[in-house]
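Each chain, letter by letter, is given below.
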Protein chains: 6
Amino acid sequence: MTTGLFLGRFQPVHSGHILSIKGILEEVDDLIIVVGSALKSFSLQNPFTAGERIHMIRLALSEAGVPPERVMVLAVPDTLPPNYHGIYVSQVETYCPGFDLVYTHNPLVRSLFEQAGYDLGDHRVFDRERFWGTTIRDGMINGGSWRDCVPSSVAEYIDEIEGVRRLKQLSGTDEPGQ
Amino acid sequence: MTTGLFLGRFQPVHSGHILSIKGILEEVDDLIIVVGSALKSFSLQNPFTAGERIHMIRLALSEAGVPPERVMVLAVPDTLPPNYHGIYVSQVETYCPGFDLVYTHNPLVRSLFEQAGYDLGDHRVFDRERFWGTTIRDGMINGGSWRDCVPSSVAEYIDEIEGVRRLKQLSGTDEPGQ
Amino acid sequence: MTTGLFLGRFQPVHSGHILSIKGILEEVDDLIIVVGSALKSFSLQNPFTAGERIHMIRLALSEAGVPPERVMVLAVPDTLPPNYHGIYVSQVETYCPGFDLVYTHNPLVRSLFEQAGYDLGDHRVFDRERFWGTTIRDGMINGGSWRDCVPSSVAEYIDEIEGVRRLKQLSGTDEPGQ
Amino acid sequence: MTTGLFLGRFQPVHSGHILSIKGILEEVDDLIIVVGSALKSFSLQNPFTAGERIHMIRLALSEAGVPPERVMVLAVPDTLPPNYHGIYVSQVETYCPGFDLVYTHNPLVRSLFEQAGYDLGDHRVFDRERFWGTTIRDGMINGGSWRDCVPSSVAEYIDEIEGVRRLKQLSGTDEPGQ
Amino acid sequence: MTTGLFLGRFQPVHSGHILSIKGILEEVDDLIIVVGSALKSFSLQNPFTAGERIHMIRLALSEAGVPPERVMVLAVPDTLPPNYHGIYVSQVETYCPGFDLVYTHNPLVRSLFEQAGYDLGDHRVFDRERFWGTTIRDGMINGGSWRDCVPSSVAEYIDEIEGVRRLKQLSGTDEPGQ
Amino acid sequence: MTTGLFLGRFQPVHSGHILSIKGILEEVDDLIIVVGSALKSFSLQNPFTAGERIHMIRLALSEAGVPPERVMVLAVPDTLPPNYHGIYVSQVETYCPGFDLVYTHNPLVRSLFEQAGYDLGDHRVFDRERFWGTTIRDGMINGGSWRDCVPSSVAEYIDEIEGVRRLKQLSGTDEPGQ
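Residues numbered from 1 in each chain as written. Chains lettered and ligands numbered in written order. Predicted model: local features only at pLDDT ≥ 70, side-chain atom pairs only at ≥ 80, totals over all residues. Heavy atoms only, no water.

S.K.: Any chance you could explain the nonpolar core here in plain terms?
M.R.: General note: in soluble globular proteins, nonpolar side chains tend to be found buried as a group. If you look at the biggest cluster of nonpolar residues, it comprises 367 residues, and the most contacted ones within it are Phe113 of chain A, Phe113 of chain D, Phe113 of chain E together with Phe113 of chain F. Counting six residues, the second-largest nonpolar core is a separate cluster that includes Leu80 of chain C, Leu80 of chain D, Leu80 of chain E together with Leu80 of chain F. (Core = buried A, V, L, I, M, F, W, Y, C linked by side-chain atoms within 4.5 Å. Buried < 20%, exposed > 50% of the residue type's maximum accessible area, 1.4 Å probe, protein only.)

S.K.: It is not clear to me how the interface of chain A and chain B should be interpreted in this structure. Could you clarify?
M.R.: When the parts of a complex come together, some accessible area is lost, and that lost area is often used as the size of the interface. In this complex, chain A contributes 21 residues to the contact, which on the side of chain B involves 21 residues. Buried surface at the junction of chain A and chain B, summed over both partners, amounts to about 1600 Å²; 64% is from carbon and sulfur atoms. The largest contributions to the chain A side of the interface with chain B come from Arg58, Thr94 and Tyr95 of chain A, which together make up 31% of the buried area. Across the chain A-chain B interface, the total number found is zero salt bridges. For the interface between chain A and chain B, the tally reads six residue pairs in polar contact (both at pLDDT 80 or more). A breakdown of the residues in the side of chain A that touches chain B according to their chemical character gives 15 nonpolar, four polar and two charged. (Contact = heavy atoms within 4.5 Å. Buried area = accessible area lost by both parts, 1.4 Å probe. Salt bridge = Lys/Arg side-chain N within 4 Å of Asp/Glu carboxyl O. Polar contact = N/O pair within 3.5 Å; in protein donor to acceptor, adjacent residues only side chain to side chain. Nonpolar A, V, L, I, M, F, W, Y, C, P; charged D, E, K, R; others polar.)

S.K.: Which parts of the structure should I look at to understand unusual backbone geometry?
M.R.: The phi torsion of most residues other than glycine is negative, and most of the peptide bonds are trans. With an omega of -10°, the peptide bond between Leu80 of chain B and Pro81 of chain B qualifies as cis. On the secondary structure map, Pro81 of chain B appears in the loop between β3 (71-75) and α3 (88-95). Going from Gln11 of chain F to Pro12 of chain F, the amide bond is cis rather than trans, its omega being -5°. Following the sequence through the fold, Pro12 of chain F ends up in the loop between β1 (3-8) and α1 (15-24). Positive phi, close to 55°, is recorded for Phe42 of chain E, a residue that is not glycine. With respect to the element layout, Phe42 of chain E can be found in the loop between β2 (30-35) and α2 (50-63). Judged by its relative accessible area of 6%, Phe42 of chain E is buried. (Helix = DSSP H or I, 4+ residues; strand = E, 2+ residues; numbered from the N terminus.)

S.K.: Sorry if this is basic, but what is going on with the interface of chain A and chain E here?
M.R.: Across the boundary between the two partners, chain A contributes eight residues, which contact eight residues of chain E. Here chain A and chain E share an interface that buries about 670 Å² over both sides, 58% of which is from carbon and sulfur atoms. Our count for the contact surface shared by chain A and chain E stands at zero salt bridges. Viewed at the interface, chain E and chain A are joined by four residue pairs in polar contact (both at pLDDT 80 or more).

S.K.: Just checking my understanding: could you explain the sheet that holds strand β3 (residues 71-75) of chain D for this structure?
M.R.: Pairing between the strands of a sheet is mediated by backbone hydrogen bonds and can be parallel or antiparallel. Residues and elements named next belong to chain D. Spatially, the five strands line up as an open sheet ordered β3-β2-β1-β4-β5, and their pairing is parallel. Looking at which strands have only one partner, the edges of the open sheet turn out to be β3 and β5 (119-120). Direction of pairing for strand β1 (residues 3-8) relative to strand β2 (residues 30-35): parallel, over a ladder of six bridges. What sits directly across from Leu7, in β2, is Val34. Here helix α2 (residues 50-63) sits on the sheet and contacts β2 and β3; the angle it forms with β2, its principal contact strand, is near 145°. (Pairing = 2+ DSSP bridges. Axes fitted to C-alpha atoms, helices over the stretch in contact; angles between N-to-C directions.)

S.K.: Can you walk me through the pairing of strand β3 (residues 71-75) of chain E in this structure?
M.R.: One face of the sheet, then the other: side chains in a regular strand alternate in exactly this way. Residues and elements named next belong to chain E. Of all five residues in β3, five are buried, a share of seventy percent or more. The alternating pattern of β3 places Val71, Val73 and Ala75 on one face and Met72 and Leu74 on the opposite face, and all of these are buried. Two strands pair when backbone bridges link them, and β2 and β3 are joined in this way by five bridges, in the parallel orientation. Bridge pairing in β3 links Val34 to Leu74. In this fold, β2 hands off to α2, which returns the chain to β3; that crossover is right-handed. (Right-handed = clockwise from strand over helix to strand, strands pointing away.)

S.K.: What is the right way to read the packing of helix α7 (residues 163-171) of chain C against helix α4 (residues 107-115) of chain F from this model?
M.R.: In a pair of packed helices, the angle between the axes and the distance between the axes together describe the arrangement. Their axes nearest at 7 Å, the elements α7 of chain C and α4 of chain F cross at an angle of 145°. Where α7 of chain C abuts α4 of chain F, its residues Arg165, Arg166, Gln169 and Leu170 of chain C lie against Pro107, Leu108, Ser111, Glu114 and Gln115 of chain F. Considered class by class, the residues forming the contact of α7 of chain C with α4 of chain F number three nonpolar, three polar and three charged.

S.K.: Just checking my understanding: could you explain the relation of the copies chain A and chain B for this structure?
M.R.: The operation relating the pair of chain copies consists of a rotation about an axis and a translation along that axis. Here chain A sits on chain B after a turn of 180° about the axis and a move of 0.0 Å along it, with an RMSD of 0.0 Å. The transformation just described matches what one would write down for a two-fold rotation axis. The share of interface residues of chain A whose copies in chain B are also at the interface is 100%, consistent with both copies meeting through the same surface. (Least-squares fit on C-alpha atoms with pLDDT ≥ 70 in both.)

S.K.: What am I meant to see in the packing of aromatic side chains here?
M.R.: Describing an aromatic ring pair means giving the distance of the ring centres and the angle of the ring planes. Inspection of every chain in the model, using the stated rule, returns 24 aromatic pairs over all chains. Here the aromatic rings of Phe99 of chain F and Tyr118 of chain F are separated by 4.9 Å at their centres, their planes lie at 20°, and the arrangement is stacked. Pair noted here: Phe99 of chain F is in the loop between α3 (88-95) and β4 (101-103) and Tyr118 of chain F is in the loop between α4 and β5 (119-120), with a separation of 19 residues, a long-range link. On the accessibility criterion, Phe99 of chain F (9% relative accessible area) is buried. Grouped by ring-pair contacts, the aromatic residues Phe99, Phe113 and Tyr118 of chain A constitute a single cluster. One cation-aromatic arrangement involves Arg166 of chain C over Phe42 of chain C; the distance from NZ or CZ to the ring centre is 4.2 Å. (Phe/Tyr/Trp six-rings, centres within 6.5 Å; stacked < 30°, edge-to-face > 60°. Lys NZ or Arg CZ within 6 Å of the ring centre and 35° of its normal.)

S.K.: In this structure, what is going on with the sheet that holds strand β1 (residues 3-8) of chain B? I would like to understand it.
M.R.: Residue and element names in this part refer to chain B. Read from one edge to the other, the open sheet built from five strands follows the order β3-β2-β1-β4-β5, with strand pairing classed as parallel. Edge positions in the open sheet fall to β3 and β5 (119-120), since each of these has one partner strand only. Relative to strand β4 (residues 101-103), β1 is paired through three bridges, and the arrangement is parallel. Looking at the pairing, Leu5 lines up with Val102 of β4.

S.K.: I would appreciate a short explanation of the packing of α3 of chain F against α4 of chain F in the present structure.
M.R.: All names here are of chain F. One way to put it is that α3 packs onto α4 with a least axis distance of 9 Å and a crossing angle of 80°. Classified by the angle between their axes, α3 and α4 sit roughly perpendicular to one another. Across from Tyr88, Val89 and Val92 in α3, the residues of α4 making contact are Val109, Leu112 and Phe113. Grouping the constituent residues of the contact of α3 with α4 by class yields six nonpolar, no polar and no charged. (Parallel < 35°, antiparallel > 145°, perpendicular 65-115°, else oblique.)

Read these as layout, nothing more, since geometry by itself doesn't imply function.
In structure tokens form, the structure reads like this:
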């Protein structure tokens, strides 16, 4: 049995993530989805808490019909002190059940897991330009079309927690005359 | 819809935990199981890593036939610095999706969530004397009968990761003549 | 009785701060002044220690004739890890006696306290262009006119601790030929 | 002008503290009162938050008629990691305005400040047996006579925040049949 | 070429340590000596700073005629948070050049390095009863005969830094009538 | 006897460092070389671990014929939280045996040690443009001529640990078509 580990920040969860997860599930039996940078929230780069991101992933997986028993969602903070990269793999190992293949877009994380002797899974990145966290967060702040880049259950949840208002507040663009 | 939060250390998962979880699931719709003290491991009080404990819980829930879509397992570290209790509720909130009712045996944690305005769920403690982490860990070290206090899938997993040997090593009792 | 909380970095204390404090004291009975980012010092953005900033505030309040029994000055560090914004309100609450109204210029801090259910006090910003930390620190480094933007007791104290020399050292501009 | 520094945990503030402070104020011009172990709270040894302890000190000083302009109350956390004693003096220095004489009962703290070259003030300990934090906290839990060992304004405040109930909860003695 | 790693707390360096090091140097080419718990000092269990312990080791090695090019002395702090044992091996790896064989008396550390796949070197413990940190520190406090258990250069250095007085201060035994 | 302290990041060790060390050794009896920012690694600014940098220094000193008994190499992390500059000198003091003269290029570190009352040693910077970490790391990534700026034993070690590949991975320049 093969267990994969898929590591991202999910700020927010978008349709590219779900396509990736579905693709990975064709190659592995079980998948651990790691919500990285778990303690970061309420910033322009990382607006949502770990709890909110976990909730988004569960909504999106359910909407996509992914069987819940094949997937586990866990949150892992960055190392302390920040950027103590030399212990990062070890930290992920303490937080997660065992895994065999590591999937991630992040070149640093790829480098660290490779250095530690892990096999890196190959997964296609789907329509990166459209499904990209930075673009989506920019769309939220500037009134762009982010809504069709995320699963509809995620869009509804972002409305429910007033995610767009939060991002605008953090960017200062909600205040008249500032 | 009501979401419960059940907080424990699960060192290791035992049958009392599973009875509690089944009881709680009769009162709430969804349940977040929090593996507390997530960073503690390889000590006599806390022998297993968060990842190992999460794996045990999933094995036990599956053995008990609990529907996976109703339960979510998350790991939350202690505060930093240790015993900075005043921020603990806030820390749990950042790690977890929203919840309504808090279940825990720990008097400190009860006190903290109550102070923060949460409702505390009432749940029976099942056969505390028998299903108690301390007793079970002692049994592992001293050759007592721990095996019938945990779900059989958990016992097998503890064998697989050589958990008893680990505890004996940590207690120094595996070394001849020390 | 109403207690206000005014949160700033005070790098250094300037006349705009004192005008704000006097304005807030017309609206609240007691005021807690929080020196934020308490552990930051000896950098271009944050040259002064918490202790030095507390001393500046006390000098300035005394110079302005503010009654000492109505004001309390406390230092609160940033969260650990840095930018763990989700626990910041909770951290401020553990450091400070209870408060009702929060005053701050910082959009992130406003957002966090609002999210936690606090009322935000409305206070005018006085001559922001002139009374602005960044401008004042630049003036110190480049020989600009910072001295008339801060209370005279603060200017004297900055002289006493050789604050201008410190900033020049940190910026490298005090070293010939570097 | 001489500034003293008086360092304690104030769990809770008691009449011995106030006698010490009044005695010290006969020897120094200004006094910085440091609430140590600022992040500890909600434990049997450290039940009250820094904010609550600061409030108690201000109430007690006001009740005792100590002039507010001669005293400053600040909170300082323990070092990180805990027990990194080698940097403690330096940490206190960053949190506080300059000081000349250090007053404390704690032998470790005395040793550290002496090692760093500070003069230690001599102050009498008043009726240690009666005015002692441990005795007072025990009295709160076990129904002993703590109330006459603290200033009456402090006793009222402890009632207001239900401090006795908190201590009993933490000790588990409030729960029937546990 | 084989590199050994010898891990201890060295509170203080004693003759048993030096016998161990000489024994290990018969089995390996190079030796890294790790001063563990580097940040602990000024406590009864850990009176000396990392810098002081490094100095003691260098004095003792020189006194014993160990060639300096075969030995390297490094200080490694405990993990943060304390007892985050799951990352300890990884932390030691980031602090030290590569090593092949691990020597230590500590059962936890043995367990962690074994779990990580390292070979544990076998080394005799020399006269444990006599050459034991706890006994030596007790001797310092209570006027016992510690001096003949440590190399004479180490004894002189402990005198120079007034180590015995420090321990007595920390234990409170230097104060008349306390 | 005079002990110097030379503080740098050594990312990587280059020939300018060795020229500096030889120059300093003409002025002091003993030298402590501090590898600063010890926990930083696997980033574009800080590619190498403390252990790797310590190894490089020892190789280079041996190649240059520096007597090992006059030099000690130690690793010191940045403060926690990052940029808590007010305790940095104190932290270095706990990690290192006593020292008299401080040598460093870093203006912040110079400012901090001067503030703490240390004498700063004067040492020439050798051919800064050529022997400069930033230039050397850029050369590694972009195929520039870094190899003649570092001692040949260091160049060989960097080859052995595939340092150039690591930097290219971290910069993303090793991936076709990214």
